[in-house]
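Summary of structural features
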Amino acid sequence: MADDKDVLRDVWFGRIPTCFTLNPDEVTEREAEAYYLLLPRVSYLPVVTDKVKKHFQKVMRAEDVEEMWFEYEGTPLKWHYPIGVLFDLHASNTVLPWNITVHFKNFPDRDLLHCSSNSVVEAHFMSSIKEADALKHKSQVVNDMQKKDHKQLWMGLQNDKFDQFWAMNRKLMEYPTEDGGFRYIPFRIYQTLSDRPFIQKLFRPVSPEGNAHTLGDLLKEMYPDALTNDGEVKRYQILIHGIEPLLETPLQWLSEHLSHPDNFLHICVVPVPTD
Amino acid sequence: NQLFIYPTFGNEFMAGCRWNPVDGFSDRLLPSDRWQWSDISGLEHRPLDGFQLPSGSWEWEGDWHVDENHEGEPTEKDGWTYAMDFPATYTKDKKWNSCVRRRRWLRYRRYKAMDNWAKIPSQQTTLPDPFSDISCGGWEVSDEPRGRLSLWAISIQGKVWFREEISHHNPEGSAWVEVPVPGEVVQISCGPGDLVWAVLWEGQLLVREGIGRDCLKGTSWAVVESPNPEVGAIHVAVGMNVVWALTKDNKVWFRRGVDSHNPCGSGWISMVGEMIMINVGLNDQVWAIGCEDRAVYFRQGVTFSELSGKTWKAINVPRDGDRSHSSASANSLHSAGCFFSGEVRAPSVVSDTESDVENPPGDGAMSNVTFPNEDHFEVAPGDGEVDAVTSTQAGGPDPQWSNVDLEEAQIQHGQMGAVPDCADSCSLSSVATYTLTMEDQFGADEHPLWAWVSGGGCSVFNLCFFTCLPPAVLQSVQSMSLSVSPAQTAAWRKQIFQQLSERSKREMDDFKHYEQAIEKSVWVKKGAMQWWRDWKPHKWVDVHFALEQFSGADGNKDGILFVYYNYHDEKKYLHAFINEVTILVPVLNDSKHTFAVYTPERTKQRWPIRLAAATELEMYDWVCIQLNPQLNALFLTFYECNDVIKDKMFWRQVGGHLRLVECNSLGIVWGLGYDHTAWVYTGGYGGGFFQGLASSTDNVYTQTDIKSVYIYENQRWNPVTGYSNRGLPTDRYMWSDASGLHECTKTGTKPPSTHWTWVSDWVIDYSVSGGTDKEGWQYAADFPASYHGSKTMKDFVRRRRWSRKCKLTTTGPWQEVPPIALSDVTILPCAAQSSVDTVPLWAISNKGDILCRLGVTLLTPAGTSWLHVGTDQPFKSISISAGSQVWAIARDGSAFYRGSVSPQNPAGDCWYHIPTPAKQKLKQVSVGRTSVYAVDENGNLWYRQGVTPRYPQGSSWEHISNNVRKVSVGPLDQVWIIADKVQGSHSLSCGTVCHRLGVQPMEPKGQSWDYGIGGGWDHITVRGNSMEPPHICLSSRT
């Protein structure tokens, strides 16, 4: 593999093997078996868990079923984060498959947004794309698209159609060559040990002197603690799509190739496993 | 490393003889006769041994010999042509009344002063004082004779000189002629077209008027006042359609409204910036040197429609004091990448630098030379040595010059020449540095103070992303590959590749039995199209069209194409599996946007699915976006892998846009674009309008092509107004295409498709067959008729052709081989796995010169340099056999065989003229292992009889077939042609690929034709196929 296009494909087809188990407190008519599924890293939980819902509803009475939500080791999983981000943030370096607990009661309103249908996810996804394009191109590209183009992006993600999605998404990845990159890089930095949801600020891909900014440059400015200083023991892993790119990787390249379908570069800073 | 090819041509001598009853023809002539040895007119005495080479820059190639070729027709042995008397029309046949005869003696001479400075002999004319400025241009005056240039010089006393008769045959010109001027001139600038501006001491500007194709010197001067009445002008620079000037207060001015019709323009516009020197390079790009910082500036945003550009950009031009030129190359590349919006391309090399030429040091007189990039021309006036200047110390009374000797200058050219090879598709700023020998003048980190810049060798194309080119696809391809290629091997990239692959293993390999969260579904795209129906009468019928796509878990996708139609009120459909589609061929025609879909089965039937979309955009949407991403090339060259089993062909399309492709079995592939640019295949795949991200970014480069669009202006004579654009009611359109059936106006005519953009304005085309008058008109008795170049009494209509260039930018695995434009190329079709070190490759330049490429190997398919092979006339087709036999066709239709070509002597030693088939002018030749086939201008295919190792010229031509457009003979003597009017291919009767059956070692002519894939092909080569099965064949179409 020596082609950047293959990176897009690998990112898109990344899968996390997951074992869904029903919360033991749920009232069931008979014992609920675990359900195993390969979840697309770049998608969202409500989009890909229809089968899970059906599986567990079979053993439950209709009146016991409220809005489904997921939890991993006590942490409610935010559906509006891409699945890969949730995994990297909470469960990287654990044994696979990823064990998710399914709940149908006691929706944690303080932690999670309600998601009544996939149209809510679609709205969230499209607003992320628009926000990203505002940063990248002052919204010019996304505004030039037609409604059906927006739909094609969403349908591509929803139906796992790589070509359908990228036929449109490549337009969002263009930039004038003389600029050397986007206006700003749409990124979000997530931390496990923080109450802040994520860090998101304006950051240009190219320095005023004309040098390409790297992943290291970004972290130095946004989250210097995440970096390992000379002589220190490495404390944090910088994860994007479950891999640790070198800090000298150009940020523009990362934004073009390792962004999620929502066009944001989601970076997880997690503590190095202690074992 | 680049070598420039300079012209060789034959010096002709006529040896005359008169017949008398006693001796027959003898050299005893009548007293009134012409010289026995004369030039072609017979007026000048020219003894054979009396001819001297014009200067030390020329050398002889071979000795005098008799030309046995008379206007394309072979003559009797010894080359005599006969006539009744001198001077008359000579024929090759001796008749009863032939009293005189003559024959032509030839000797080739070659211009050898390539890639170095040739001193112009000053004894030809005595110049009163040394030159102080020199400017060269005029190479884009339309349809002028090849190699013609304008060279203007200014002497110290302010006089203006013009160099006469610079041409392809005489690159040094013949004499300096003084051009009277109304004042003392300090500086002059000559553009590539018909603009010449000069600056007077008093600060006014002079504009030369009356410059045209027939009068490069122009007729008169017009005076233009300085932009600022208080401050005189000091420097002027002109391009094709622009004039920039500097005044003594360093202000920059742009002249508004300048064009061929109005060289003086209409007014000055003040521009920002303060400059001390300004220069206009190719396609009107502007370079300047800043007043304050003495840095080199490039004018950003200069486009065809916005000639004044947008802003000044400083260019970081490192001065390489340690003479490590590779770093200079890298740096100029870097600057190209950083500062230019779009691509920067240096089609040629020699003129990247501005070199100043100085008279011997101490003299104090300094002059400078600019070069046009694509003409074979270098000059150093006076007794000057070549000096290079990096800087003057500002304000210093005694400028410090540094000398660089000739050797080093050459090395530097060579080094710069290597740059395009290592750059991807674009490279090179226009500024190179010459080394300063007195290093101690400057601190190591002090940036150089520039004194002079010239953009003569730098062609800059601005691609305005998001605005300029309609399909967004193109741009993303470019921006992605640009951002990526320089760091292809970077550690971070490897790390990402490696980790992604580890991640897949870790997270997915052990869990393949898990269910996918998203079920694979079918994605259907539907549309309405028209279909060329299968049964008679054939016509376009409306159909529904659907593409069902589905993909597996691994992302591999497949699809089925359905065409739903009605047959006698019954609903039916036909389908094609996308994986089986071998080729998609867009067929551009005027009324419909059609394309043909081929599968192996359909190829066998020679009946593709032909579909027409409602709009061009819709067609591209279907062809590029929706149909198989592996088959997405659109303007294409197809890479065809072709089984010997008849008609079963497998294809791979690659991006790019070429007119002609040649290859050999080692995989060396060369292609030629419509603009005659040579390209070499880099081994990548994909490119073009690649979709589905299924192509490689390695080895895919930006490729451009330029072709001309022609329209005709028609006029009819009437007794009142003479010729006018009022025709008869029955006449054709006054602005039309060649047929006269379609109206084509200057404003209404569009480029061939939306992927092409105009890059020039409409100009009169003088190179129409039949000749034109001075205004480009051709006359005829009526429309449509045969046209001739001069008016006679019987002519009532006239027409002239206008041409306009348009440009396509696409991507493909092709890399340019600068700088010489080619019209044909041939590669030795070596047997596979043979360990030839260098592969013979011959080519014909677009000027008709025959060239031999040196240093072509499997590792360096582009080769290193051109070797010029002497000829006395321009050529048009060439082919080399597996046994190094070289055959060529001259433009007059005569055939030649090159003798003694061997690895030791790659260029051979002499031409043998081969008589052509009776009354036929040959057009193209192809030779395989031993077979020689040629196609004539009437579409006949000829096989050369009697070719043996002892007698490689063969004995006679045998007619094989008619209606043949092109022939390609492979290294096993397999014969493939493109034929017209082929039966069985229904509507696509033109341009069908056919294969000769029954070719055996003892039966090289074969027996019959097998008709293969049909429709619209222009070019084929089977020269890459040296194994019995399977073989490779390359082919291209428009």
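Here the structure is a predicted model, which is why all the values come from computation and not from measurement.

1. Considerations on the overall build of chain B
- Tallying secondary structure elements over chain B gives 6 helices and 68 strands in all.
- Scored against the burial criterion, the 1038 residues of chain B give a buried share of 47%.
- Within chain B, contacts between residues at least 6 apart in sequence are counted, and of these 56% link residues at least 24 apart.

2. Structural notes on the overall build of chain A
- Secondary structure assignment for chain A yields 10 helices and 8 strands.
- For chain A, buried positions account for 46% of its 275 residues.
- Across chain A, every contact between residues at least 6 apart in sequence was considered, and the portion connecting residues at least 24 apart equals 72%.

3. Concerning the sheet that holds strand β60 (residues 932–936) of chain B
All names here are of chain B.
- Taken in spatial order, the 4 strands line up as β59-β60-β61-β62 in an open sheet, and their pairing is antiparallel. Looking along the sheet, the strands with just one partner apiece sit at the ends: β59 (922–927) and β62 (956–961). Strand-to-strand twist across the sheet, computed as the mean angle between neighbouring axes with direction ignored, equals 30°.
- Where β59 lies against β60, 5 bridges are found, and the strand directions are antiparallel. From the neighbouring strand, Ser926 faces β60, where its bridge partner is Tyr933.

4. A look at the environment of B:Asp782
All names here are of chain B.
- Among the structural elements, Asp782 can be located in the loop between β48 (777–780) and β49 (797–812).
- For Asp782, a count of 12 C-beta atoms within 10 Å translates into the label exposed.
- It is 6.2 Å that separates the C-alpha atoms of Asp782 and Phe796, two residues lying 14 residues apart in sequence.
- With sequence-adjacent residues up to four places away left out, Asp782 is seen in contact with Phe796 and Val797.

5. Section: the nonpolar core
- Ranked by size, the top nonpolar core spans 76 residues in total, and within it A:Leu265, A:Ile267, A:Cys268 and A:Val269 carry the most contacts.
- Setting aside chain neighbours within four positions, we find A:Val269 in contact with A:Ile189, A:Tyr190, A:Gln191, A:Tyr223, A:Ala226, A:Tyr236 and A:Ile238.

6. A closer look at the packing of helix α5 (residues 118–137) of chain A against helix α7 (residues 147–158) of chain A
All names here are of chain A.
- Where α5 contacts α7, the axes come no closer than 11 Å and their chain directions differ by 120°. Taken together, the axis directions place α5 and α7 in an arrangement best described as oblique. Seen from above, α5 lies across α7 with right-handed handedness. From α5, Glu122, Phe125, Met126 and Ile129 reach across to α7, where they touch His150, Leu153, Trp154 and Leu157.

7. Focus: helix α4 (residues 83–91) of chain A
Residues and elements named next belong to chain A.
- Across the 9 residues of α4, 9 count as buried, placing the element largely inside the fold.
- Here α4 has its buried residues at Ile83, Gly84, Val85, Leu86, Phe87, Asp88, Leu89, His90 and Ala91.
- A positive backbone phi angle near 65° is found at Asn93, which sits one or two residues after α4.

8. Side note on the environment of A:Ala34
Residue and element names in this part refer to chain A.
- Within the fold, Ala34 resides in the loop between β1 (15–22) and β2 (35–40).
- Judged by the 14 C-beta atoms lying within 10 Å of it, Ala34 falls in the partly exposed class.
- Through-space distance from the C-alpha of Ala34 to that of Thr101 is 9.6 Å; in sequence the pair is 67 residues apart.
- Not counting residues up to four positions away in its chain, the partners in contact with Ala34 are Cys19, Phe20 and Thr21.

9. Quick look at the pairing of β2(A)
- A large share of β2(A) lies buried, amounting to 5 of its 6 residues.
- One ladder, built from 6 bridges, connects β1(A) with β2(A); its direction is antiparallel. Of the residues in β2(A), the one forming a bridge with A:Thr18 is A:Leu37.
- Here 2 bridges tie β2(A) to strand β30 (residues 515–516) of chain B, and the two strands are oriented parallel to one another. If you follow A:Leu38 over to β30(B), its bridge partner there is B:Gln516.

10. Observations concerning the pairing of β59(B)
- In terms of burial, β59(B) is largely enclosed, as 6 of its 6 residues are buried.
- Turn length for the β59(B)-β60(B) hairpin, with the two strands adjacent in sequence and antiparallel, is 4 residues.

11. Digging into unusual backbone geometry
All names here are of chain A.
- Look at the link from Leu96 to Pro97: it is a cis peptide, with omega at -5°.
- Tracing the backbone through its elements, the reader meets Pro97 in the loop between α4 and β5 (98–103).
- Positioned with a positive phi, Asn106 is a non-glycine residue whose angle comes to about 55°.
- Relative to the helices and strands, Asn106 is located in the loop between β5 and α5.
- With 11 C-beta atoms counted inside 10 Å, the residue Asn106 sits in the exposed group.
- If you check the backbone angles, Asp160 has positive phi at about 60° while not being a glycine.

12. Let's talk about the sheet that holds strand β52 (residues 841–845) of chain B
All names here are of chain B.
- The 4 strands lie next to each other as β51-β52-β53-β54, forming an open sheet whose pairing is antiparallel. For this open sheet the edge positions go to β51 (822–827) and β54 (865–869), each flanked by a neighbour on one side alone. Taking each pair of neighbouring strands and ignoring which way they run, the sheet shows an average axis angle of 30°.
- Examined bridge by bridge, β52 and strand β53 (residues 850–854) share 4 bridges and lie antiparallel to one another. Considered in β53, the bridge of Ala843 is made with Leu851.

13. What to know about helix α8 (residues 162–172) of chain A
- With 11 of its 11 residues buried, α8(A) lies for the most part within the structure.
- Within the sequence span of α8(A), burial applies to A:Phe162, A:Asp163, A:Gln164, A:Phe165, A:Trp166, A:Ala167, A:Met168, A:Asn169, A:Arg170, A:Lys171 and A:Leu172.

14. Regarding the environment of A:Asn211
- Residue position: A:Asn211 is located in the loop between β6 (187–191) and α9 (215–222).
- Measuring from C-alpha to C-alpha, the distance between A:Asn211 and A:Gly180 comes to 9.3 Å, with 31 residues separating the pair along the chain.

15. Focus on the confidence of the model for chain B
Residue and element names in this part refer to chain B.
- Overall, the predicted model of chain B reaches an average pLDDT of 67, with 58% of residues at or above 70.
- Counting interchain partners and residues more than four positions distant, the pLDDT-below-50 stretch residues 684–699 has 67 contacts.
- Interface confidence for the predicted complex, given as ipTM, is 0.92, next to a pTM of 0.44.

16. Digging into the packing of α7(A) against α8(A)
All names here are of chain A.
- Closest axis-to-axis distance for the α7/α8 pair is 7 Å, and the angle between their directions is 140°. In terms of orientation, α7 lies oblique with respect to α8. Where α7 crosses over α8, the handedness of that crossing is left-handed. Contact residues: α7 offers Asp149, Gln152, Leu153, Met155, Gly156 and Leu157, while α8 offers Gln164, Phe165, Met168 and Asn169.
- Class assignment for the residues of the contact of α7 with α8 results in 5 nonpolar, 4 polar and 1 charged.

Calculation notes
- Residues numbered from 1 in each chain as written.
- Chains lettered and ligands numbered in written order.
- Predicted model: local features only at pLDDT ≥ 70, side-chain atom pairs only at ≥ 80, totals over all residues.
- Helix = DSSP H or I, 4+ residues; strand = E, 2+ residues; numbered from the N terminus.
- Buried ≥ 20, exposed ≤ 12 C-beta atoms within 10 Å, placed from the backbone.
- Contact = placed C-beta atoms within 7 Å.
- Pairing = 2+ DSSP bridges.
- Axes fitted to C-alpha atoms, helices over the stretch in contact; angles between N-to-C directions.
- Core = buried A, V, L, I, M, F, W, Y, C linked by C-beta atoms within 7 Å.
- Parallel < 35°, antiparallel > 145°, perpendicular 65-115°, else oblique.
- Left-handed = near helix turned anticlockwise from the far one by under 90°.
- pLDDT = per-residue confidence, 0-100.
- Nonpolar A, V, L, I, M, F, W, Y, C, P; charged D, E, K, R; others polar.

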